[in-house]
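# Descriptive analysis of the structure
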Amino acid sequence: MADNTLLNVEELKVYFYTYAGVVKAVDGVSFDVRRGEVFSIVGETGSGKSVTSRALTRLIPSPGRIVGGRILFEGKNLLEMPEEELRKIRGKDIAYIFQDPSSSLDPLFTSGYQIAETMTVHATADWKNAWKRVIEILKDVAMPDPHKRAKSYPHELSGGMKQRVVIGISVSNKPKLIIADEPTTALDVSVQAQILKLLLDLRKKYDTTVMLITHNLGVVAEVSDRVLVMYAGRVAEIADVYSLFGEPLHPYTIGLLKAVPNPLKRIERIEPIPGSVPDMINVPSGCRFHPRCPKAMDICKREQPPLVQIRGGRSVACWLYAEKNS
Amino acid sequence: MSKGNGDILLRVEELKKWFPVKKLVFTVGHVRAVDGVTFNIRRGETLGIVGESGCGKTTLGRLVLKLLKPDSGKIMFDGIDVNTLNGKRLLEFRRRAQIVFQDPYSSLNPRMTVLEILKEPIETHKMNVGSIEDYVVDLLERVGLRRDHLYRYPHEFSGGQRQRIAIARALSLKPEFMVLDEPTSALDVSVQAQILNMLKKFQEEERLTYMFITHDLGVVKYMSHRIAVMYLGKIVELGPADELFEEPLHPYTKALLSSIPIPDPIITRKRERIILRGEPPSPINLPKGCRFHPRCPYAMEVCKKEEPALERISGEHFAACWLVSGK
């Protein structure tokens, strides 16, 4: 089990010190990512899912600060590592794919150059070999006409093709972990399906691990092995994908699944979760979900529920389950 | 599930809107945003318009409301030719037909309070509502807001609350018809469900007629009685919502339905997949024949040469495809 863990995050806290007050975007998040799996973090706007993924390699801009926690990547604590050393990991062992491929690519350089550059920067290839690899990589990401597209500038490519280049850059150094933050949100449904399939294929081919950040429960169901549900900067629950959708435990997860219209089922009525996500400066006391929770009890208003392990390797942060186990 | 009794509120015939593409002063081509679209909407019904970005669904919504001028085609609203309307009669049409836009951050004036936002249409149309403030409070309560929100500005509200204000504004004039252009795609799922259920409730209470534009197939199925699927400026399939999802006819609809991720890991991984090749072509240089043929897994010779028309296949189910219409 221990060898199997690629990434171990403990009590991660990321706060943003704004003029309006302290935004506790991520407030004590713990999870493991195992080698070879697709681990998804799902949550709504402001849940802290993107901040969590960026904090893993300390990509938090001011006024944000990582104020606590531990991030062990293959046993090394990334939070205590000198910046110089971390730069060697970022883009090599841990690669990112962001939502908007247009802003991830430099408009002044060809797609081939940008893929080759990533390899030369990390010295996994010299320029000559990098150029040769570029065509292979573009073939791997199923780019139509790779020889021509290697010489294309980003504006000459469609949204789907740009995202293929970004994915090409991310796999070029054979990373151990690919963090994909809403990789298909900016794309149309028919292209989204192509890109998701590509990510799964590449995970096998490059023998890597994928961490997927998304708000789309359909995408989660489609590709994940295990899922972390985030709410207002904290973990609501962690479970394998079949258990999560088959038997969700946390009232937030239950509510979320009831609120999404499933196009393949006849549904008379979807059930919304009342209220809206909390203001992250003045978060509710106790469990952050309690004002919207249909099962809220007295203790939920006073005390934050701990993340407790329960059967089948699942964990959940809810007093409904914490009591039974203690 | 189809509603209404043949009482048609909106009839659209062969509607076209081409946007010129200019280089300096010369027109070098046209974006065929809406390229010959025919459909009707019955009173009390929701017609869903679904398609990917660039298929012309938003342009269609604006044409129907006379927010854009069509190049050709006819729009009949309750027996009135919308294109010829002007002056007082246009104003009356503007009252009867309303729109809710996608982005509630740009559709509300940031310098106006909620009261001012909701008061404006009532004053413009000189509606007789008694005390305006009471009327506005009543509207706010109907969309789930309160009296103490009256003097606040849009930036003080969340996205979901802003969309409620936009809906209250559209409802303030007691319209009969509403174009809902992606009203929930900027919102989180938990809030989206609140807005969708609210829209359904208003439809039942007031027999409103909706044209619901979206790219989300789950949402369109939940909201609509009938659905039109658009691809590059044309309707490729039109039919009752349940029938269209259970027995899609057009290969594009089939591919769309098979490629959307379903929030159920067992179903989504088991089902058969049609993953389309490539991306939608540019609406400036449309392929000859059927516009879908370069991406279609079933394309035949005839598809490359001739464009199929939207034909009745069975009952209320229409499709534009050589495979199903037979040639």
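It should be noted that the structure appears before, not after, this text.
What this report covers is the structure whose coordinates are included nearby. (Residues numbered from 1 in each chain as written. Chains lettered and ligands numbered in written order. Predicted model: local features only at pLDDT ≥ 70, side-chain atom pairs only at ≥ 80, totals over all residues. Heavy atoms only, no water.)

## A few points about the overall build of chain B
Which entries qualify depends on this criterion: Every helix listed is a DSSP run of H or I at least four residues long, and every strand listed is a run of E at least two residues long, numbered separately from the N terminus. When we talk radius of gyration, it's over C-alpha atoms, and the globule rule is simply 2.2 Å times the number of residues to the 0.38. Burial classes follow relative accessibility: with a 1.4 Å probe on protein chains only, a residue under 20% of its type's maximum area counts as buried, one over 50% as exposed, and anything between as partly exposed. The contact rule is simple, with two residues in contact once any of their heavy atoms fall within 4.5 Å.
Helix and strand counts for chain B stand at twelve helices and twelve strands. In terms of overall size, chain B behaves like a compact globule, its C-alpha atoms giving a radius of gyration of 21 Å where 327 residues would be expected to give roughly 20 Å. C-alpha extents for chain B along the principal axes are approximately 65 × 55 × 45 Å. Going through the 327 residues of chain B one by one, you find that 56% of them count as buried. Put simply, 64% of the contacts in chain B that link residues at least 6 apart link residues at least 24 apart.

## Here we look at the pattern of salt bridges
Heads up, the rule is: Criterion for a salt bridge: a side-chain nitrogen of Lys or Arg within 4 Å of a carboxyl oxygen of Asp or Glu.
Tallying each qualifying case throughout the model produces 41 salt bridges over all chains. We note a salt bridge from aspartate 225 of chain A to arginine 203 of chain A, for which the minimum N-O separation is 3.2 Å. Note that aspartate 225 of chain A is positioned in the loop between helix H9 (217–223) and strand S9 (226–231) and arginine 203 of chain A in helix H8 (residues 189–205), a separation of 22 residues in sequence. Residue aspartate 148 of chain B is joined to arginine 152 of chain B by a salt bridge in which the shortest nitrogen-to-oxygen separation is 3.8 Å. With a relative accessible area of 44%, aspartate 148 of chain B lands in the partly exposed category. On the basis of relative accessible area, arginine 152 of chain B is assigned to the partly exposed category, the value being 28%.

## Remarks on the pairing of strand S3 (residues 38–42) of chain A
Within a regular strand, side chains alternate between the sheet's two faces. Residue and element names in this part refer to chain A. Under the convention used in this document: We treat two strands as partners when DSSP finds at least two bridges between them.
For S3, the buried fraction is high: five of the five residues fall into the buried class. Residues of S3 alternate between two faces, with Val38, Ser40 and Val42 on one and Phe39 and Ile41 on the opposite face, all of them buried. In this sheet, S9 lies alongside S3 in parallel orientation, the contact comprising four bridges. Across the sheet, isoleucine 41 pairs through a bridge with leucine 228, a residue of S9.

## Side note on the interface of chain A and chain B
Let me state the cut-off plainly: The buried area of a pairing is the accessible area, by a 1.4 Å probe, that goes missing from both parts when the two are put together, added over both. N or O atoms within 3.5 Å of each other form a polar contact, as long as, within protein, one can give a hydrogen and the other can take it, and as long as residues adjacent in sequence are counted only when both atoms are side-chain atoms. Residues are sorted three ways: Asp, Glu, Lys and Arg are charged, Ala, Val, Leu, Ile, Met, Phe, Trp, Tyr, Cys and Pro are nonpolar, and all the rest, Gly among them, are polar.
If you look at the interface, chain A gives 45 residues, while chain B gives 42 residues. With both sides pooled, the region where chain A packs onto chain B buries about 3,600 Å², and carbon together with sulfur makes up 57% of that total. Of all residues in chain A, Val189, Glu222 and Pro263 of chain A give up the largest surface area on contact with chain B, accounting jointly for 17% of the area buried on that side. Applying the counting rule to chain A against chain B returns two salt bridges. The residue glutamate 222 of chain A makes a salt bridge to arginine 273 of chain B at a minimum N-O spacing of 2.8 Å. Summed over the shared surface of chain A and chain B, the number is 20 residue pairs in polar contact (both at pLDDT 80 or more). Counting residues per element, the ones that place at least two in the side of chain A that touches chain B are helix H7 (159–171), H8, H9, helix H10 (241–246) and helix H11 (251–259) of chain A. Among the residues making up the side of chain A that touches chain B, the classes are represented as 23 nonpolar, twelve polar and ten charged.

## Observations regarding the packing of aromatic side chains
To be explicit about the condition: Working definition: rings of Phe, Tyr and Trp (its six-membered ring) pair if their centres are within 6.5 Å, and the pair is stacked with planes under 30 degrees apart, edge-to-face with planes over 60 apart, and tilted otherwise. Sitting over a ring, as applied to charges here, requires NZ of Lys or CZ of Arg to be within 6 Å of the ring centre and within 35 degrees of the ring normal.
This model, assessed by the stated rule, comprises twelve aromatic pairs over all chains. Relative to tyrosine 252 of chain A, the ring of tyrosine 231 of chain A has its centre 4.5 Å away and its plane inclined at 50 degrees; by these criteria the two rings are tilted. Here the residue tyrosine 231 of chain A occupies a position in strand S9, and tyrosine 252 of chain A occupies one in helix H11, the gap between them amounting to 21 residues. Cluster of aromatic residues (ring-pair linked, three or more members): Phe109, Tyr113 and Trp127 of chain A. Sitting over the face of the ring of tyrosine 222 of chain B, lysine 200 of chain B holds its NZ or CZ atom 4.0 Å from the ring centroid.

## Observations regarding helix H4 (residues 111–121) of chain A
Every α-helical turn comprises 3.6 residues, leaving residues that sit three or four positions apart pointing alike. Residues and elements named next belong to chain A. Most of H4 sits out of view: eight of its eleven residues are buried. Along H4, the positions that sit buried rather than exposed are Ser111, Gly112, Gln114, Ile115, Ala116, Thr118, Met119 and Thr120. Structurally, H4 contributes buried residues whose contacts are with helix H5 (127–140), helix H6 (146–149) and H7.

## Some points on the sheet that holds strand S1 (residues 5–18) of chain A
Residue and element names in this part refer to chain A. Ordered by their spatial adjacency, four strands build an open sheet running S2-S1-S4-S5, and the pairing between neighbours is antiparallel. The open sheet is flanked by strand S2 (21–34) and strand S5 (76–77), the only strands paired with a single partner. By the bridge criterion, ten bridges tie S1 to S2 in an arrangement that is antiparallel. Residue pairing for S2: lysine 13 is matched across the bridge by aspartate 27.

## Here we look at the sheet that holds S9 of chain A
Residues and elements named next belong to chain A. Worth spelling out the cut-off: Angles run from 0 to 180 degrees between N-to-C directions of axes, and those axes are lines fitted to C-alpha atoms, restricted for helices to the stretch in contact.
If you walk across this open sheet you meet the eight strands as S6-S7-S8-S3-S9-S10-S12-S11, and the pairing is mixed. Bordering the open sheet on either side are strand S6 (94–97) and strand S11 (308–310), each of which pairs with just one other strand. Neighbouring strand axes in the sheet, compared pairwise and without regard to direction, differ in orientation by 20 degrees on average. The pairing of S3 with strand S8 (residues 209–214) spans five bridges and is classified as parallel. Looking at the pairing, valine 38 lines up with valine 210 of S8.

## Describing the nonpolar core
We apply this condition: Nine residue types can take part in a nonpolar core, namely buried Ala, Val, Leu, Ile, Met, Phe, Trp, Tyr and Cys, and a core is a set of them joined through side-chain atoms within 4.5 Å.
Counting residues in each nonpolar core, the largest one holds 60 residues, and the members touching the most others are Leu7, Phe31 and Met211 of chain A. Once residues lying within four places of it in the same chain are set aside, the contact partners of leucine 7 of chain A are Phe31, Asp32, Val33, Leu56, Ile71, Leu72, Phe73, Leu177 and Met211 of chain A. Listed in part, the 44 residues of the second largest apolar core include Leu115, Val143, Leu187 and Ala193 of chain B.

## Details of unusual backbone geometry
With omega at 5 degrees, the peptide bond leading from serine 62 of chain A into proline 63 of chain A counts as cis. With respect to the helices, strands and loops of the structure, proline 63 of chain A is situated in the loop between helix H1 (49–55) and strand S4 (64–73). For lysine 174 of chain A, which is not glycine, the phi dihedral falls at a positive 50 degrees. We classify lysine 174 of chain A as exposed; its relative accessible area is 51%. The phi angle at lysine 66 of chain B is positive, at roughly 60 degrees, despite the residue not being glycine. Examined against the element boundaries, lysine 66 of chain B turns out to sit in the loop between helix H1 (57–64) and strand S4 (72–77). Its relative accessible area of 22% is what places lysine 66 of chain B among the partly exposed residues.

## What about the side chain of threonine 118 of chain A?
Residues and elements named next belong to chain A. Within the element layout of this structure, threonine 118 appears in helix H4. A polar contact is formed between the side chain of threonine 118 and the backbone oxygen of glutamine 114, at a distance of 2.8 Å. For threonine 118, the residues in contact, after removing those within four places along its chain, are Gly91, Ile169, Ser172 and Asn173.

## Some remarks on helix H6 (residues 189–206) of chain B
Residues and elements named next belong to chain B. For clarity, the threshold we go by: Take the residue count of a helix, subtract one, and multiply by 1.5 Å to get its expected span.
Across its 18 residues, H6 extends 26 Å between first and last C-alpha, which sits within 8% of the 26 Å expected from 1.5 Å per residue. The buried fraction of H6 is high, at 14 of 18 residues. In the stretch just after H6, arginine 207 is the one whose phi turns positive, near 55 degrees.

## Remarks on the environment of arginine 164 of chain A
Residues and elements named next belong to chain A. Looking at the secondary structure, you find arginine 164 in helix H7. In this structure arginine 164 touches Val141, Ala142, Met143, Gln194, Ile195 and Leu198, once residues within four positions along its chain are discounted. A distance of 2.9 Å separates the side chain of arginine 164 from the backbone oxygen of valine 141, its partner in a polar contact.

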